Each structure stands twice: as structure tokens, then as C-alpha cells.
Amino acid sequence: MIDSSLAALSDHLFTISVVLYSLAVVAFCAELAFGNRTARARSGELVGAGAPGTPPVSTGDELPAESPRARRLGVVAMGLTVVGLVSHAGVLVARGLAANRLPWGNMYEFGTAVVLVAVVAYTVLALRAPVLRHIGAFVLGPVVLAMVLIGLFLYASAGPLVAALRSWWLGVHVTTAILGFGIFFVSGIASVLYLLRSRYEQKVAAGTAGSSSFLERLPSAAALDRTAHRTAVFGFPIWTFAVIAGAIWAESAWGRFWGWDPKETWAFIAWVVYAAYLHARTTSGWRGRPSAWVNVVGLTVMVFNLLYVNMVSTGLHSYAGVS
Amino acid sequence: MTTTAPPRATAPATPPSPTSAGRRVLNRLLRWWRQLTAMRTALILLFLLALAAIPGSLLPQRSLSQNNVNKYFTDHATLAPWLDRLYLFDVFSSPWFAAIYLLLFISLIGCVVPRAIEHGRALFAPPPPAPRHLHRLPENTELPTALAGPATLDVIEEELRVRRFRVVRREGRSGPELSAEKGYLRETGNVLFHLSLLALLLGLAGGKMWGYEGSILVTEGQGFCNSFQQYDTYSAGPLVASGDLAPLCVDLDDFKAQYEQNLTASSYTADISYQLGGADAVDTTIGVNHPLRIDGDRVYVTGHGYSPEFSITRTDGTTFTDLSAPFLPADPSTMASQGVLKVPDLGAGATDQLAIEGFFAPTGVLQGGVLTSVDPRPLDPQVAVVVYTGYLGLDSGLPQSVYSLDQTQIDRGLLTEAGRANLAAGESMTLADGTVVTFSGYKEFAAMQLSHDPGQLWVLGAAMAVLVGLLGMLLVRRERVFARVGPAPDGGGTVLSIGSLTRGSADTGPRFSALADQVRTALADRVDRSSAPDATAPSAHGPAPEKEIPPS
Ligand code: HEM
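As the structure is a computational prediction, the values presented were derived from the model and not from experiment. (Residues numbered from 1 in each chain as written. Chains lettered and ligands numbered in written order. Predicted model: local features only at pLDDT ≥ 70, side-chain atom pairs only at ≥ 80, totals over all residues. Heavy atoms only, no water.)

Caption draft 1: Summary view of the overall build of chain A. Helix and strand counts for chain A stand at eight helices and zero strands. The buried share among the 323 residues of chain A stands at 60%. A separation threshold of at least 6 residues defines the contact pool for chain A, and within that pool the share at least 24 residues apart is 83%. Carbon and sulfur atoms make up 70% of the accessible area of chain A, which amounts to about 12,700 Å² in all. (Helix = DSSP H or I, 4+ residues; strand = E, 2+ residues; numbered from the N terminus. Buried < 20%, exposed > 50% of the residue type's maximum accessible area, 1.4 Å probe, protein only. Contact = heavy atoms within 4.5 Å. Areas by Shrake-Rupley, 256 points an atom, 1.4 Å probe, with all protein chains shown as cover.)

Caption draft 2: Main features of the packing of helix 2 (residues 68–99) of chain A against helix 3 (residues 107–128) of chain A. Residues and elements named next belong to chain A. It is the contact of helix 2 with helix 3, at a shortest axis distance of 10 Å, that shows an interaxial angle of 150°. Here helix 2 lies roughly antiparallel to helix 3, going by the angle between them. Like other packed secondary-structure pairs, helix 2 and helix 3 cross with a definite hand, here left-handed. Along the contact surface, helix 2 presents M78, T81, V82, L85, H88, A89, V91, L92 and R95, while helix 3 presents Y108, E109, T112, A113, V115, L116, V119, V120, Y122, T123, A126 and L127. (Axes fitted to C-alpha atoms, helices over the stretch in contact; angles between N-to-C directions. Parallel < 35°, antiparallel > 145°, perpendicular 65-115°, else oblique. Left-handed = near helix turned anticlockwise from the far one by under 90°.)

Caption draft 3: Up close: the nonpolar core. With 128 residues, the main nonpolar core has V143 and W239 of chain A as its most contacted residues. The residues contacting V143 of chain A, other than those within four sequence positions of it, are Y21, V115, V119 and F185 of chain A. The next biggest cluster of nonpolar side chains, apart from the first, holds 50 residues, and it includes L341, L346, L431 and F439 of chain B. (Core = buried A, V, L, I, M, F, W, Y, C linked by side-chain atoms within 4.5 Å.)

Caption draft 4: Molecular detail of the site of the ligand. The immediate surroundings of the ligand are formed by 29 residues, with H279 of chain A together with C111, R115, N190 and H194 of chain B found nearest. Around the ligand, the nearby residues trace back to chains A and B. Here a nitrogen atom of the ligand and a side-chain polar atom of H279 of chain A are 2.6 Å apart. Note that a nitrogen atom of the ligand is positioned 2.8 Å from one of the side-chain N or O atoms of H194 of chain B. When its residues are assigned to classes, the shell around the ligand shows 18 nonpolar, eight polar and three charged. (Near = heavy atom within 4 Å. Polar contact = N/O pair within 3.5 Å; in protein donor to acceptor, adjacent residues only side chain to side chain. Nonpolar A, V, L, I, M, F, W, Y, C, P; charged D, E, K, R; others polar.)

Caption draft 5: Expanded view of a nonpolar patch on the surface. Residue and element names in this part refer to chain A. The grouping of L145, V148, L149, L152 and F153 at the surface amounts to a nonpolar patch, some 510 Å² of accessible area in total. By the element assignment, L145 lies in helix 4 (residues 136–154). Residue classification places L145 among the exposed residues on the basis of a relative accessible area of 54%. (Patch = residues over 30% accessible without salt bridge, like charges linked within 9 Å, V, L, I, M, F, W, Y side chains within 5 Å. Salt bridge = Lys/Arg side-chain N within 4 Å of Asp/Glu carboxyl O.)

Caption draft 6: Looking closely at the coordination of the iron atom of the ligand. Taken together, the protein ligands of the iron atom of the ligand are H279 of chain A (NE2) and H194 of chain B (NE2), with distances of 1.9 to 2.0 Å. Around the iron atom of the ligand, the six donor atoms are arranged such that angles at the metal cover 84 to 178°; this shape is classified as octahedral. Of the two residues, H279 of chain A sits in helix 7 (residues 262–280) while H194 of chain B sits in helix 7 (residues 184–210), which places them in two different chains. Taking the relative accessible area as the measure of exposure, H194 of chain B reaches 9% and is therefore buried. (Donors = N, O, S within 2.8 Å, 3.2 Å for Na, K, Ca; no water. Tetrahedral: all angles 85-135°; square planar, octahedral: opposite > 155°, others 65-115°.)

Caption draft 7: Inspection of the pairing of strand 15 (residues 353–361) of chain B at higher detail. Residues and elements named next belong to chain B. Across the nine residues of strand 15, seven count as buried, placing the element largely inside the fold. In terms of strand pairing, strand 14 (residues 336–343) meets strand 15 through seven bridges, oriented antiparallel. By the bridge assignment for strand 15, L341 is matched with I356. Alignment of strand 15 against strand 18 (residues 382–390), held across nine bridges, turns out to be antiparallel. Each bridged residue has a counterpart across the sheet, and for A355 the counterpart in strand 18 is Y388. (Pairing = 2+ DSSP bridges.)

Caption draft 8: Broad picture of the pattern of salt bridges. Applying the stated criterion across every chain, the model contains 27 salt bridges over all chains. For D11 of chain A, the salt bridge is made with R95 of chain A, and the minimal N-O distance between the two is 3.8 Å. In this pair, D11 of chain A is assigned in helix 1 (residues 4–48) and R95 of chain A in helix 2, connecting sequence segments 84 residues apart. In this structure D11 of chain A comes out as partly exposed when scored by relative accessible area, which is 24%. Its relative accessible area of 2% is what places R95 of chain A among the buried residues. Between R169 of chain B and D154 of chain B there is a salt bridge whose closest N-O contact spans 2.8 Å. With R169 of chain B in strand 2 (residues 166–172) and D154 of chain B in helix 6 (residues 149–162), this residue pair connects regions lying 15 residues apart in the sequence. Owing to a relative accessible area of 37%, D154 of chain B belongs among the partly exposed residues under this scheme.

Caption draft 9: Structural context of the side chain of R289 of chain A. All names here are of chain A. Examined against the element boundaries, R289 turns out to sit in helix 8 (residues 289–311). With no salt bridge to any partner, buried R289 finds its closest opposite charge in E201, at an N-O distance of 9.4 Å. Within polar-contact distance, the side chain of R289 engages the backbone oxygen of L195 at 2.8 Å. R289 has contacts with Y194, L195, S198, R199 and Q202, leaving out every residue within four places of it along the chain. (Lys, Arg positive; Asp, Glu negative; His and termini not counted.)

Caption draft 10: Looking closely at helix 8 of chain A. Over its 23 residues, helix 8 of chain A runs 32 Å from end to end, which matches the ideal 33 Å to within 8%, given 1.5 Å per residue. Residue F304 of chain A marks the point of greatest curvature in helix 8 of chain A, where the axis turns by about 35°. (Expected span 1.5 Å × (residues − 1). Bend = angle between axes of the 7 residues up to and from the residue.)

Caption draft 11: Inspection of the packing of helix 3 of chain A against helix 4 of chain A at higher detail. Residue and element names in this part refer to chain A. Two elements in contact, helix 3 and helix 4, have axes separated by 10 Å at closest approach and are oriented at 170°. Our classification of the angle between helix 3 and helix 4 gives roughly antiparallel. Together, M107, Y108, G111, T112, V115, V119 and Y122 of helix 3 and G136, V139, L140, V143, A146, M147, I150, G151 and L154 of helix 4 make up the contact between the two elements. Classifying every residue of the contact of helix 3 with helix 4 by side-chain character gives twelve nonpolar, four polar and no charged.

Caption draft 12: A look at the packing of aromatic side chains. Tallied over the entire structure, the rule returns 27 aromatic pairs over all chains. Plain terms: the ring middles of W266 of chain A and F304 of chain A are 4.4 Å apart, the flat faces sit at 55° to each other, and that makes the pair tilted. Linking W266 of chain A in helix 7 with F304 of chain A in helix 8, this pair joins segments that are 38 residues apart in sequence. Aromatic side chains F360 of chain B and Y442 of chain B sit 6.4 Å apart centroid to centroid with 50° between the ring planes, which places their arrangement in the tilted category. Here F360 of chain B is found in strand 15, whereas its partner Y442 of chain B is found in strand 21 (residues 436–452), with 82 residues between them in sequence. We classify F360 of chain B as buried; its relative accessible area is 0%. (Phe/Tyr/Trp six-rings, centres within 6.5 Å; stacked < 30°, edge-to-face > 60°.)

Caption draft 13: Structural view of the interface of chain A and chain B. Opposite the 49 residues of chain A that make contact, chain B presents 55 residues. Counting the surface lost from both chain A and chain B, the interface buries some 4,400 Å², and carbon and sulfur atoms represent 69% of this. By the criterion of area lost to chain B, the three top residues of chain A are E251, F257 and W260 of chain A, representing 13% of everything that side buries. Joining chain A to chain B, the criterion identifies two salt bridges. Counting every contact that joins chain A to chain B gives eight residue pairs in polar contact (both at pLDDT 80 or more). Counting only elements with at least two residues in the side of chain A that touches chain B, the list comes to helix 6 (221–254), helix 7 and helix 8 of chain A. Ranked by residue count, the leading element in the side of chain A that touches chain B is helix 6 of chain A, at 15 residues. (Buried area = accessible area lost by both parts, 1.4 Å probe.)

And the structure:
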């Protein structure tokens, strides 16, 4: 039985979350802009003081002191993010209650949950290490984009599950897959930002950096790289477990624990790419930028697996409602 | 987390003696081996493995659907044979895919086995000697104290032991020193993880060699026994002999599919009775996510459909009842199904054969004379059939699908149309020769699959070990702390140098300074105690160090 008022509430909350996150992106961008003004002024001073050799970029994890106005904007942005998060969680709770099941039975719900995990992961990181708050615009920007696309193209109304999805292992497998994916999402973004920021730091060291850049306000390349790696290290065992749980479920639902169904194949590819990322970090010649690229490839594979494999190719993995 | 490469032995310098041809070959082989087991090679092989899996998901695979492969062959008549030559329709059993993962696993063996042995030794050996220059370690500090050298090392040793470090003291070249290590489980996890990957591969291979799988459509009231002759399709590993198959027979008594209001299937259940060897039949119910598991064999319901039932009355009064054949669902949402019922032994003559080919709709609606199905449930079963009589060609020696007629028999005029009609349950049609065909009803059939995979439990165990090893490797910090004492440069007292090296943690700084602070306090405490006239007087420097150890 579908409770239609709860289902409608869930849909409204989805819209509200998108609006809140969008406002948060605006606030984060404003924070970067205002922060920039002070930073630029200061670097101007430095150059004026005749110290061309010393780069005005902090290589540590702390950012140069912020103007109070920028900090206020940052706090507002974080607040909007957290409120958006509550509403976002409400989307899934209301869905689950409406359909009386775990709220990840189709691609719309799966995608929404992945994005939720990504925002939670970002929020936890930003609260634990305030420097990381400054990547907010770059996490929530893609989040808003993803949610708009999910809402437009993957939307499926609340409904019951197809028979094969009614298993205790659904809870275990899909929940861990969502967790892993959401965490890899943040990790991938950190690596993208690392790639941008490390290029910028090279330019600064060479004295050829542009006069103003939002990159100045990002955490240091080292901090971004560390964030990317730690989140991937956190996500990898979860993903490994998700794959194992999926195999256990497939064994009882489809008659074999592994059959190279397209979805399984891409889960395997993603797993191998993340294993390669963790190795690349400890392999000489691959540290730094090359390994960051591997992490970006990993995220691409995850997104491809969600979109292409579910929507274009046919396999046993059925998510009702997307046609 | 880690940024240091794992220690690798550097190549031993080639001996200066004149090299014989044999030695040169050996050296070349050694160099290849070293290259193969280098981390960089492993990395490349990992990428190759990921890349190689891609065509397996983009092109149809025989292991998944022979039909899709056939369709690809008709759609791309020139390209397909070329792709086939490259094993692109059997990617996961292709030699090149195997080559990549075998190389990877050889590299893994070459990399991990020495590491495992080394780690096994390290587990029982004291921590390694302190490096010469402690100030070159990532974390390091120097603490001056008035205590004598050995007493100073006593203090830090106590601090480290409280933190559950394994500690050893040595007389180093530049004074008394101390090495401490903890977090051995990290390396244990690493070794366990990589070795479990090997075990997992062995389990997979064993399953492929000794496993088999057969599928069959079973209509209610019928059954099958576990033998390759009976299955519609089967696949078996190269080491399976047909005598190895478990003597299992299964009968399908009843099948039920349940639907939600929006007509998604909510559950399938099959009431079956099975017999193992000569034992008594056992009744049980299986369904989606609930296979029958006995003795290493599993029986699944993988799908379902309808078998329309017909009866045929010939002009001489002979009647055949309960004739049915599975019709394959063409559209799972409405269960509109297609198939053919072949009746080869209608009369004595070889050409006294009949076939009913057509379309079954569990809930039929006639629109302009065309039958369609609107509901997967059997609310109003109807068929649209064409009846052929003549010679079916079943014994011609050429294999025929049981789900369709051999079109060439029709083209050659051996099989001719004798009538066509849309029938609801209970309705009949009369053929030109007076034979009456009645659509008497339907039964459900279940697509059943029997699987046998002796490697399965092994693979599960290995996968669990992979996970446990991974958690150990990624969550445990391996810390090494080294300390050395020397005389202070100004002559008064001792300088304690401490350095530490951590693998597997980002924020080593705070932990190290916490340790250093603790040691500093303890040193000061000890100095006070030894200099105070009353050694039992409470220390002015706060509580004993042991009591304020932060959780590590
Ligand atoms: C089958 C493919 C393999 C997979 C899936 C795999 C996976 C992993 C993972 C996830 C890590 C953890 C990285 C970290 O500590 O952050 C790791 C570490 C390691 N792997 Fe592999 N590995 C594979 C093959 C190999 C091979 C062939 C070698 C040897 C050449 C190797 C050598 C190592 C070493 C030495 C470490 C430790 C690095 C460290 O302690 O930081 N691995 N492996």
C-alpha cells in the first residue's frame, strides 16, 4: 500500500533540498569571493613589499585569516547545507514510510541516497577540519547538478519492489553500495580540486600564477590529496563489502554468486581502479597527480555504472520505474 | 596515509667475474622476475584488468545470453566473426583475460610471499635498530634532562610500554638507544589480504572446473532428474563426469506468482517434492531468494510462464487430453507468451502429426480480431493458434527448438496449415479433416535451474578473509619510535632524541607531540623525585604519567 500523502511530502522535500543546497552554493561562492578580496590585497602588499621570491600561498593546512564577512558567509553556507541535509534525509524517510520498505528500490531513490551520503561525508569533513569547508561550493555544486538530473530523468513514483529485490541482502548490499559511492564521490571531488590546486601551486612557485584565483582560497594541495586518500581508504572496504554482499545475494536470487552481468562487471572494474589508486599512492612515479587521476577515473567509472549500465545496457539488475 | 614505497631489495651487484652464457640468462630471468614483481608492474596489470573487463560489458556475452550473441551476428554480419576471433563474446573465459589475471597473480605471489616471510620473521624479532639520524625521521624532537642516560631511556621505555609498544634497548654506535614498534597487525592484514585474493582465485577456478549448471522448464505436475540429457541447456566444467551428478529428482507440484496492485510480481513460490538417491520424497517450497539447498546442490526458480493445455479428438473418436507445452513469455509485464505444442504420435503414420503454434494471453482482449494480453494474471486465458498437420521432422536428425516450428518443413510443404482460431478456455475448433482441437485451460510452468559449485564456500571464506585483511591493513597504524641518549653539548646532563615513523595515519603530529609531552613530564617528575629529600613526597608536577595517558 502506498501512502500518497507521504509520497507527496517526499517529493516536496526533494525540491526544498535542491533549493537549500543551491542557496548554500551561492553562499559558498560568496565566501570564496570575499575571501579572495582580502587575500588578493595581501598578496599585493607582499609583492609591493618587494618579496617576489616568497609565494603568498600558505603551504600548511591553515588558510590565511579570513575577513569576518567571509567567515559569516561560510557559517551561513554550512547552516544551509545542514538544513538541506535534514530535508534531504526526509525525502528518503518519507519515501520509505510511504512504500513501507527501505527507500532504495529504484534508481531515483538510489541516486538520491548516494548524493545524501556525499553531503553527509562533506559535512563531517568540514566540521572536523574547518579548512575543508572551503571546498563546499565544489561539492554542493555537483550535488545540486546531480539532484536536478536525478529529479528530471530518474524520477520514479513510490512503488513496491520487484520480487528479486525483496531480500534481507537488499538492505545490506544496496546500503553499503550507497555508502561507498557517496564517499567515493567526495573523494573524487577532492582529487579534482587537488589537480587544480597543485597546478596552481606550481605556477605560484614559478611566479606565473594569475593575479586572482578562487584556487587561492582552497585548502593546500597536500591537504586535498590527503582528504582524497583518506576518504577513498574509508570507502574501499565498504565498497568491497558491498560487492561481496551483492555476490551473496546473487547466489540466492539468480543461482550464481558471480556471472559477469554488466553491473557486476562495472562494480569489479571500479573495485580494481580503486585498488589501483591505493597502490598508485605508494608507487614511486605515481604519487601526486597521476594517482589523483586514477581516483578521478574511479569516480567516472562509478557514475558510468549508475547511468549507462542501468539505463542503456540490459542485465539482471532491475530497478523498477525507469524505462 | 603512506607515502613511502615498500622496502624492496635493490638488485645485488653482478659479480665482476666473467659472465658465462648460463649466468647471463639467469640474470636476464632474474631481472624479468624483479620487474614482474615490482609494484609498478602490478599497477599496470591492474589497469589492464579493468580495461579488459570493459568489452565484456559492452558486447553480448555467450555466458549471459546466446540469443543476444546470435542477434549480434545477424545485425553485424561482417564484424561479428572478427570480434569472435578475438574472443570478444567470451571475454571472461578468453586467453588474454586469463593472461592478465594470471600475470597479476604471479606478480602478487612474487611480491607478497617474500613480504609474508619477512613479516613472519619480524613478528618474532625485536624492532629494527634505530636509524643513525633521528632528526631525519618525519617526527622528531630532543629533550634535555638532568637524568643519566640509562634512567632517561627507562622513562621513555615505560611510556612506550604503557602504550603497548614492543620495546628493545641496544648499545648503539653512538650511545645507548631504544627501538619500539607497534601495529604489527597492519602488515599481517596486508599479507592476509593479498594471500586471500590468491585463495579466492583458486576457489573460483575450482568451481569452474568441477561445477555445473542445468536449466529446464517444468510444467506443474511434471518433474526432472539431474542428468545432462534432461536439461534444456546446461554447462559443465571440464572435470565434471556425468556420473558425478547428484542423483536428485525434483517434481513441481504447484506454482504461484503473486502480484502487487500495479502488477509488479511480488513473489514466486514453487511447491516441489524432491528425492535424493533412493530416499523418500520430501515436500518443500522454494521461491525467489529461497532456493533449495542440499548437499552442495542448489535448485532455483528463475522464472515462470504458462503452458496452455489442449485436447484433441480425432474423427475415429480417439481423444488425447492434457497436452501442454511451455509457451515462453514475450512480454514479462503482461505475460503474453508464444510457443508451440508438437504432437508427433497422433496416429500410426509418420505424417499423422500435428502442431499447435500460437500466442497465449493470460488475460486476453480481442481488438479487431487481434488477441493481446493486458494482465500477467490468468484472469481470462485465451489463445490465438494456427494448427498444422503433416510431418514435423523431429526425427530428421537435425536439432529443433521445442519452442518453435521448423520453418523449412512448412516451406517444403511437409507441414500444412489446417486451421486457425482465437479460443477462450473451453472453446474448440474443428479442422478440415474433422479433428476437434479444444483449448482446455492452462498450467503454470517454472524455469528451474540446478547449480553445483564446489568452490562456492571456499570463495566466500576467502572473500571474508580479504575483507578482514583489508580492515587490518587500512585501520591499524604501524608506529615505530626510536630514541637515543647522548651527553648534552654544554656538559650538564643528557639529551634524549626521539624520532618516529608512522604508516597508516595522517595526523601523526599531534600523537607524537602528546608522547613527547608525556615523556617530558615524566622526566621532570623523575628528576624531582630523585632530587627531593623525601622521595615519597607528592610531586609538584602533577599526577604520575601513567594516569594521564590519552587514549591511543
Ligand atoms: C590483485 C590485485 C591487487 C589488489 C586488489 C591489491 C589491493 C591492495 C590494497 C587495497 C592495498 C592497500 C593500500 C594502502 O595501504 O593504502 C594494497 C597494498 C599493497 N599492495 Fe596490493 N593489491 C593487489 C596486487 C598487488 C601486487 C601484485 C603487489 C606486488 C607487486 C601488491 C603489493 C602491495 C603492497 C606492497 C602494498 C602495501 C602498500 C603499503 O603498505 O602502503 N599488491 N594492495
